[in-house]
Amino acid sequence: MAITALSGLSLRGGDWLGGDLAMDLGTANTLVYARGRGVLLNEPSVVAIDTRTDTVVAVGIEAKRMIGRTPDHIKAVRPLRDGVIADYDSTAEMLRYFVRKVLGRRSFSGPRVVVCVPSGITSVEQRAVSESVYAAGARRVHIIAEPMAAAIGAGLPVNQPAGSMIIDVGGGTTEVAVLALGGIVASTSLRIAGDAIDRAIVDHVRTQFGLLVGERTAEELKIAIGSAYPIAAPLRAQIRGRDIATGMPRDVAIGSDELRRAIDAPILAIVDAVRTTLDRCPPDLAGDLVTRGIVLTGGGALLRGLNARLQHEIGVPVLVAERPLDSVVLGTGTVVEHFEELQKVVVAGHRR
């Protein structure tokens, strides 16, 4: 992994072992990186529970397939909402499953784990994250702020005195930060991101077409024809849902221009978060950003025209990271690989 900011770092790691993990615990997906082996897991953050026995019946990909398709006694839930834990027990079970899937039977004492969290979460929410990772079997937990991890994973020179800026649009949160000298100088954590865009599509289809669709369908529509900025060749797609009046299935057609207007409110909220962060940025660092540009990461970076919309609104070049979906877990993994040199960017997690 080529990380510009970390050139020359050695692979010293003290007593960090090959079983140690980096974890991007996301609202939509959880990614796990194992030291020396890279990213080994990328699965939906979904758990299916049998409410009759209060037991977990599926996790990850298998559980996501059950959303909206289960009998009454099976409930498919996303235990994280807006970047924080909404269901502690389900989160711990999900993480335990993922850790076991990655490490198998190779680890007897439990791995050390570096896990990223949104920069704006409360101390109580941060404690819940670290306790859930401990409950999943970790020997020791360290916490890193999500924008710092994203910036390291995107190759930004975060250790230099010159300013760098990251916009990480995930499922539950948008993290915006200016970084320099290994720290966060100014940041905004917004609980509006990919899920909010999906909900805006659901609301629009219900209001304009009298059609009920789920967030999974909305996400598929967003990927197929969604855009944040006008595109040269407008797209159209068919969407199927349940008619509110009759209760019967019905198809409607929707165009990319209409969909762009439907999601404008959450996009504007992201733009405002970027402006707010720039307002908090020291003038000298702000000048660096005009030259270097801003880097966009996260699943939201794949929305057509989002970088062009941000660049148009704020007047600063906005570039999409080379691997936007993996930037956070790669940055967290870099901390695992070079822990002694980067331990100042993490804090120790709490346990019960």
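Describing the nonpolar core
So, point 1. By size, the foremost hydrophobic cluster in this structure holds 42 residues, and its most contacted members are Ile-167, Ile-201, Leu-221, Leu-296, Leu-306 and Leu-310.
So, point 2. Here the element with the most residues in this core is helix α8 (residues 264-280); it accounts for six residues.
So, point 3. Within the second largest apolar cluster, 31 residues are counted, among which are Met-23, Leu-25, Ile-85 and Val-133.

Thoughts on the sheet that holds strand β9 (residues 112-117)
So, point 1. With mixed pairing, the six strands of this open sheet are ordered in space as β3-β2-β1-β9-β10-β19. In the strand order of this sheet, the two ends are held by β3 (38-44) and β19 (346-348), each with one partner. Ignoring which end each strand starts from, the neighbouring axes of this sheet average 25° apart.
So, point 2. Sheet topology note: the strand β2 (residues 29-34)/β3 ladder contains six bridges and is antiparallel. Within β3, the residue paired with Thr-30 across the bridge is Glu-43.

Points about the pairing of strand β15 (residues 236-243)
One face of the sheet, then the other: side chains in a regular strand alternate in exactly this way.
So, point 1. Note: strand β14 (residues 211-212) against β15, two bridges, orientation antiparallel. Considered in β15, the bridge of Leu-212 is made with Arg-242.
So, point 2. Taken together, the seven bridges between β15 and strand β16 (residues 249-255) define a ladder with antiparallel strand orientation. What sits directly across from Gln-238, in β16, is Ala-253.
So, point 3. Here β15 hands over to β16 after five residues, with Gly-247 in that stretch at a positive phi of 80°.

With respect to unusual backbone geometry
So, point 1. Positive phi is not limited to glycine here, since Asp-54 has a value of about 55°.
So, point 2. Relative to the helices and strands, Asp-54 resides in the loop between β4 (47-50) and β5 (55-59).
So, point 3. One non-glycine residue, Leu-181, lies in positive phi territory at about 50°.
So, point 4. Assignment of secondary structure puts Leu-181 in the loop between β12 (174-180) and β13 (183-190).

A few points about the pattern of salt bridges
So, point 1. By the definition in use, this model includes 18 salt bridges.
So, point 2. The salt bridge partner of Glu-125 is Arg-191, with a shortest N-O separation of 2.9 Å. One end of the pair, Glu-125, is in helix α3 (residues 123-135); the other, Arg-191, is in the loop between β13 and α5 (194-209), with 66 residues separating them in the sequence.
So, point 3. Asp-203 is the salt-bridge partner of Arg-206, the closest N and O atoms lying 3.2 Å from each other. Of the two residues, Arg-206 and Asp-203 are both situated in helix α5; the distance of three residues between them amounts to about one turn of the helix.
So, point 4. Residue classification places Asp-203 among the partly exposed positions, given a relative accessible area of 37%.
So, point 5. When salt bridges with common partners are traced through the structure, they connect Asp-264, Asp-272, Arg-275, Arg-309 and Glu-313 into a single cluster.

Things to note about the pairing of β9
So, point 1. Across the six residues of β9, six count as buried, placing the element largely inside the fold.
So, point 2. Residues Arg-112, Val-114 and Cys-116 line one face of β9 and the alternating positions Val-113, Val-115 and Val-117 line the opposite face, and both faces are buried.
So, point 3. Relative to β9, strand β1 (residues 21-25) is paired through three bridges, and the arrangement is parallel. By the bridge assignment, Leu-21 is partnered in β9 with Val-113.
So, point 4. Examined bridge by bridge, β9 and strand β10 (residues 140-145) share six bridges and lie parallel to one another. Its bridge partner lying in β10, Val-113 is registered against Val-141.
So, point 5. For the handedness criterion, the β-α-β arrangement of β9, α3 and β10 is classed as right-handed.

What counts, and where the lines are drawn
Residues numbered from 1 in each chain as written. Predicted model: local features only at pLDDT ≥ 70, side-chain atom pairs only at ≥ 80, totals over all residues. Heavy atoms only, no water. Core = buried A, V, L, I, M, F, W, Y, C linked by side-chain atoms within 4.5 Å. Buried < 20%, exposed > 50% of the residue type's maximum accessible area, 1.4 Å probe, protein only. Helix = DSSP H or I, 4+ residues; strand = E, 2+ residues; numbered from the N terminus. Pairing = 2+ DSSP bridges. Axes fitted to C-alpha atoms, helices over the stretch in contact; angles between N-to-C directions. Salt bridge = Lys/Arg side-chain N within 4 Å of Asp/Glu carboxyl O. Right-handed = clockwise from strand over helix to strand, strands pointing away.

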